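Take a look at the letters that make up each chain.
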Amino acid sequence: MSSTDKKVDNQNIEVDLDHIPNHIAIIMDGNGRWAQKRHLPRVAGHKQGMNTVKTITKAASDLGVKVLTLYAFSTENWKRPKAEVNYIMKLPVSFFNTFVPDLIKNNVRVNVMGYIEELPEGTQKAVNQAIEDTKDCTGMVLNFALNYGSQAEITTAVKSIANQVKMGNLEPEEVTPDTISENLMTHSLAPFENPDVLVRTSGEERLSNFLLWQVAYSELVFVQTHWPDFTADTLKEVIHTFQGRQRRFGGLKETN
Ligand code: FPP
């Protein structure tokens, strides 16, 4: 295959298929503003946002992404009005009810990280069923962060490590950055547990308690597009931006 063949050139967005980021994490922001702009209730933005999840899952899988992590609900999102929380909690049910056959067709495996046991029973059931139904898929991992918060995740990890020390299974001197990583919710995604690129939509430039440990060396890409308007081409633009960055991981040599 010549190098020209390896390029996707769609609407002038060039992506080098040999350097697709393995792990893309997305903070899907702007659903409410998208809806308000159209004089629709905020939840209409979440519904459209769910459809975007379907489009981007397929697009990322087709491009060869290994892990797509989507921040669907944070440990802080419970502060939203009850009706909005209830609506968001029903989205995984509707999403998996309609989309699992497509996920299987595309060889996509579902993973969920977060405090799942605190979710409504129906949501837990839908999530666990989707994990079970796609467990043999060997392609991209679609990793939903649901009732996830990075500070809570790190606190849980520290408690677990402290317990291992207390039980005499670990010496304090043996605790390394790998020990921390191994106790985080992303551990099962190894060797791709750390995102290569973190995207936030809708113009906000904050991490909002998302993957704080894991993004230590991620490329951060902020786009103006509200999540419901995010398309396969926006994804390619993000990848194009990522491919233009020089990653040094604290050293001097270009490794990307
Ligand atoms: C942030 O936008 C979005 C959320 C808190 C919910 C995200 C959920 C989805 C996109 C659907 C997820 C789908 C599945 C299958 C779980 P916002 O409401 O904060 O927007 P705003 O900043 O404009 O108000």
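Residues numbered from 1 in each chain as written. Predicted model: local features only at pLDDT ≥ 70, side-chain atom pairs only at ≥ 80, totals over all residues. Heavy atoms only, no water.

> Is there a simple way to explain the overall build of the protein in this structure?
When helices and strands are tallied, the protein shows seven helices and eight strands. Taking 18 Å as the expected radius of gyration for a compact globule of 256 residues, we find that the protein reaches 19 Å, a close match to that expectation. In terms of overall dimensions, the protein has a C-alpha envelope of 60 × 50 × 35 Å along the principal axes. Within the protein, the fraction of its 256 residues that count as buried is 45%. Residue pairs at least 24 apart in sequence account for 75% of intrachain contacts in the protein once pairs closer than 6 positions are excluded. For the protein, the accessible surface area stands at approximately 13100 Å², while carbon and sulfur atoms represent 51% of it. (Helix = DSSP H or I, 4+ residues; strand = E, 2+ residues; numbered from the N terminus. Rg over C-alpha atoms; globule rule 2.2 N^0.38 Å. Buried < 20%, exposed > 50% of the residue type's maximum accessible area, 1.4 Å probe, protein only. Contact = heavy atoms within 4.5 Å. Areas by Shrake-Rupley, 256 points an atom, 1.4 Å probe, with all protein chains shown as cover.)

> Help me understand the packing of aromatic side chains in this model?
Geometrically, a pair of aromatic rings is defined through the distance of the ring centres and the angle of the planes. For the structure on display, the rule yields 10 aromatic pairs. Relative to Phe144, the ring of Phe95 has its centre 5.5 Å away and its plane inclined at 85°; by these criteria the two rings are edge-to-face. Of the two residues, Phe95 is situated in helix H3 (residues 82–105) and Phe144 in strand S6 (residues 141–148); the sequence distance between them amounts to 49 residues. As far as the burial class goes, Phe95 and Phe144 line up, both buried. Ring geometry for Tyr217 and Phe249: centres 5.8 Å apart, planes at 50°, overall tilted. Residue Tyr217 is found in the loop between strand S7 (197–200) and strand S8 (219–222), and its partner Phe249 is found in the segment after helix H7 (232–243); the two are separated by 32 residues along the sequence. Through pairs of rings, three or more aromatic residues link up here, namely Phe95, Phe96, Phe99 and Phe144. (Phe/Tyr/Trp six-rings, centres within 6.5 Å; stacked < 30°, edge-to-face > 60°.)

> Help me out: how do you make sense of the UniProt feature "binding site: Mg(2+)" (unreviewed entry) in the protein in this one?
Per the UniProt annotation, the sites labelled "binding site: Mg(2+)" (unreviewed entry) are Asp29 and Glu219. As for the annotated residues, the ones lining the largest pocket are Asp29. Note that Asp29 resides in the loop between strand S3 (23–27) and helix H1 (31–37). Among the polar contacts listed, one links the side chain of Asp29 to the side chain of Arg200, at a separation of 3.0 Å. (UniProt positions renumbered as here; feature names shortened; annotations may be inferred. 1 Å grid on protein atoms, 1.4 Å probe; cavity = no way out; pocket = protein on both sides within 12 Å on 5 of 7 lines; lining within 4 Å. Polar contact = N/O pair within 3.5 Å; in protein donor to acceptor, adjacent residues only side chain to side chain.)

> Would you mind going over the layout of surface pockets with me for this structure?
It is a probe the size of a water molecule, rolled over the atoms, that shows where empty space is left. Roughly 680 Å³ of volume is contained in the largest pocket. Met28, Asn31, Tyr71, Ala72 and Asn77 are the residues nearest the centre of the largest pocket, which is lined by 32 residues in total. The set of elements that each furnish at least two residues to the lining of the largest pocket consists of H1, helix H2 (42–63), strand S4 (67–74), H3 and S6. Tallied by class, residues from the lining of the largest pocket come to 17 nonpolar, eight polar and seven charged. (Points joined across faces, edges and corners; volume = space filled by probe spheres on them. Nonpolar A, V, L, I, M, F, W, Y, C, P; charged D, E, K, R; others polar.)

> How should I be thinking about unusual backbone geometry in this particular structure?
Most peptide bonds take the trans configuration, and most residues that are not glycine carry a negative phi. For the peptide bond that leads from Ala190 to Pro191, omega is 10°, which places it in the cis range. Here Pro191 shows up in the loop between helix H6 (177–182) and S7. For Ser202, which is not a glycine, the phi torsion comes out positive at approximately 75°. Looking at the element boundaries, Ser202 is found in the loop between S7 and S8.

> Help me understand the site of the ligand in this model?
Within the structure, the ligand sits among 17 residues, and Asp29, Gly32, Arg33, Arg42 and Arg80 are positioned closest to it. For the ligand, an oxygen atom lies 2.8 Å from a polar atom in the side chain of Arg80. With the chains in place, 92% of the 630 Å² that the ligand exposes on its own is no longer accessible. Structurally, the ligand is housed in the largest pocket. Where the shell around the ligand is concerned, the elements lending two or more residues are H1, H2 and H3. (Near = heavy atom within 4 Å. Sits in = over half its atoms within 2 Å of the grid points.)

> I keep staring at the UniProt feature "active site" (unreviewed entry) in the protein and nothing clicks. Help me out?
Under the feature "active site" (unreviewed entry), the UniProt entry names Asp29 and Asn77. For the residues just named, distributed over 49 residues, the greatest C-alpha separation is only 12.4 Å, placing them together at one site. Of the annotated positions named here, the largest pocket is lined by Asp29 and Asn77. Beyond its immediate stretch of four places on either side in the chain, Asp29 contacts Arg200, Thr201, Ser202, Glu204, His226 and Trp227. Within the structure, Asp29 has its side chain in polar contact with the side chain of Arg33 (distance 3.4 Å). In this fold, Asn77 is placed in the loop between S4 and H3.

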